[in-house]
Amino acid sequence: SSTTPWYAILMLVGLVGSAWWWGRRFRAQPTMIVVYMGGLLVALFCSKVGYVSVELHFEVCVNDFFFKAATCKTILGALLGGYGGVEAGKWLIGHTQATGDAFAVVVPAALALGRVGCVLHGCCTGVACERAAWWTIADPAGVPHWPAQPVEMTFNLVMAVVLLVLWRRGRLTGQLFHVYLIAYAAFRFVHEWLRDTPRLTPWLSTYQVLALVLLAFALWRYQSRAARREGEAFPGAAEPWGGTSART
């Protein structure tokens, strides 16, 4: 039915699924729910802040301005905020070990599910195409568009599989979520040229700026983790905060 709130339903399924995964992963450490909730709540908050910062001001004169203000969010803001929320949760319970690998598979899987909701809801569309093809998606007016939602869904599903394989093989331990953030930020920057989003210039969208921020942050965190672990390999090397465990 067209009135079925698919986006909300699929978002709820993603939240429940991620909570189950987290609970299963840390069933012997019940206080880790604080870390999960910190990441979730700050991610939701920053997903809204990110949207308001980079797009809402372009929508002031549209008919559905208040609907968009109430419902729209951005994945880029959620990823940045969620990272900070996890760190805050870890600080609250005194957890000093890396937790990013636990998020590395479930986050892209949940985001892929969210893009299914975007297809059913008709949001987050690609740029309009001159003519219809087997791969285009028509909007309610019949205008063909680049299939932005399925493309991003496919990217996230592929990343979930790749990261799951790396996790099972013990590769890049403690860095898997950084790998995902780097890959998603780079993908999103390029893919923005095919998405129907507000532009600062003909060649640069507001979301590309946010993608560059995420990319720089993820590269910095990846390099910091790598340098820290290299330092730990030498006797007497100490963490800046006096510990020996890696942080996310």
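Residues numbered from 1 in each chain as written. Predicted model: local features only at pLDDT ≥ 70, side-chain atom pairs only at ≥ 80, totals over all residues. Heavy atoms only, no water.

Colleague: Which parts of the structure should I look at to understand the overall build of the protein?
Modeller: Scanning the protein from N- to C-terminus turns up nine helices and four strands. The helix and strand sequence of the protein, counted from the amino end, reads α-α-α-α-α-α-β-β-α-α-β-β-α. Counting the 248 residues in the protein, one finds 39% classified as buried. Within the protein, contacts between residues separated by at least 24 positions form 67% of all contacts whose residues are at least 6 apart in sequence. (Helix = DSSP H or I, 4+ residues; strand = E, 2+ residues; numbered from the N terminus. Buried < 20%, exposed > 50% of the residue type's maximum accessible area, 1.4 Å probe, protein only. Contact = heavy atoms within 4.5 Å.)

Colleague: Hey, could you run me through the packing of helix α7 (residues 148–168) against helix α8 (residues 176–191) in this one?
Modeller: A packed helix pair is summarised by two numbers, namely the angle formed by the two axes and the spacing between the axes. For the pair α7 and α8, the least separation of the axes is 11 Å and the interaxial angle reads 160 degrees. By the angle class used here, α7 and α8 are roughly antiparallel. Of the two possible hands of crossing, α7 and α8 adopt the one that is right-handed. Only Leu-176, Val-179, Tyr-180, Ala-183, Tyr-184, Phe-187, Arg-188 and His-191 of α8 make contact with α7, whose side of the interface consists of Ala-148, Val-151, Glu-152, Phe-155, Asn-156, Met-159, Leu-163, Leu-166 and Trp-167. Residues that form the contact of α7 with α8 fall into these classes: 13 nonpolar, two polar and two charged. (Axes fitted to C-alpha atoms, helices over the stretch in contact; angles between N-to-C directions. Parallel < 35°, antiparallel > 145°, perpendicular 65-115°, else oblique. Left-handed = near helix turned anticlockwise from the far one by under 90°. Nonpolar A, V, L, I, M, F, W, Y, C, P; charged D, E, K, R; others polar.)

Colleague: What am I meant to see in helix α2 (residues 33–54) here?
Modeller: Every α-helical turn comprises 3.6 residues, leaving residues that sit three or four positions apart pointing alike. With 22 residues, α2 should cover 32 Å at 1.5 Å per step; its first-to-last C-alpha distance of 31 Å lies within 8% of that length. Within α2 the residues assigned to the buried category are Val-35, Tyr-36, Gly-38, Gly-39, Ala-43, Ser-47, Gly-50, Tyr-51 and Val-54. (Expected span 1.5 Å × (residues − 1).)

Colleague: Is there a simple way to explain the packing of aromatic side chains in this structure?
Modeller: Aromatic ring pairs are reported here in terms of the distance separating the ring centres and the angle at which the planes meet. Considering all chains together, one arrives at 15 aromatic pairs under this definition. Consider the rings of Phe-103 and Phe-177, whose centres lie 6.3 Å apart with planes at 50 degrees: the pair is tilted. Of this pair, Phe-103 sits in helix α5 (residues 100–104) while Phe-177 sits in helix α8, and the two are 74 residues apart along the sequence. Residue Phe-103 shares its accessibility class with Phe-177, and that shared class is buried. Among the aromatic side chains, those forming a connected cluster through ring pairs are Trp-22, Phe-26, Tyr-36, Tyr-83, Phe-103, Phe-155, Phe-177, Tyr-180, Tyr-184, Phe-187, Phe-217 and Trp-220. Above the plane of the ring of Phe-26 lies Arg-25, whose end atom (NZ or CZ) is 4.8 Å from the centre. Here the basic side chain of Arg-188 rests over the ring of Tyr-207, its NZ or CZ set 5.2 Å away from the ring centre. (Phe/Tyr/Trp six-rings, centres within 6.5 Å; stacked < 30°, edge-to-face > 60°. Lys NZ or Arg CZ within 6 Å of the ring centre and 35° of its normal.)

Colleague: When you look at the confidence of the model for the protein in this model, what are you seeing that I'm missing?
Modeller: The predicted coordinates of low-pLDDT regions are not to be read in fine detail. For the protein, the mean per-residue pLDDT works out to 85, and 85% of the residues sit at or above 70. Model confidence for the protein, summarised as mean pLDDT per element, is weakest for helix α3 (residues 65–71) at 59 and strongest for α8 at 97. (pLDDT = per-residue confidence, 0-100.)

Colleague: I'm lost on a nonpolar patch on the surface in this one. Help?
Modeller: Among the surface-exposed residues, Ile-33, Val-34, Met-37, Leu-41, Val-42, Leu-44, Trp-91 and Leu-92 lie close enough to one another that they form a single nonpolar patch of about 750 Å² accessible area. Elements represented by at least two residues in the nonpolar patch include exactly α2 and α4 (75–93). If you tally residues by element for the nonpolar patch, the top one is α2, at six residues. Its location among the elements puts Ile-33 in helix α2. (Patch = residues over 30% accessible without salt bridge, like charges linked within 9 Å, V, L, I, M, F, W, Y side chains within 5 Å. Areas by Shrake-Rupley, 256 points an atom, 1.4 Å probe, with all protein chains shown as cover. Salt bridge = Lys/Arg side-chain N within 4 Å of Asp/Glu carboxyl O.)

Colleague: Explain the side chain of Glu-192 here, please?
Modeller: Relative to the helices and strands, Glu-192 is located in the loop between α8 and β3 (199–201). Given a relative accessible area of 0%, Glu-192 falls into the buried group. The contacts of Glu-192, once residues within four sequence positions are left out, are Thr-197, Arg-199, Ser-205, Tyr-207 and Gln-208.

Colleague: Hey, could you run me through the environment of Ala-211 in this one?
Modeller: In this fold, Ala-211 is placed in helix α9 (residues 206–232). When the C-alpha atoms of Ala-211 and Phe-187 are compared, they prove to be 8.9 Å apart, with 24 residues separating the residues in sequence. For Ala-211, the residues in contact, after removing those within four places along its chain, are Leu-76, Ala-185, Arg-188 and Phe-189.

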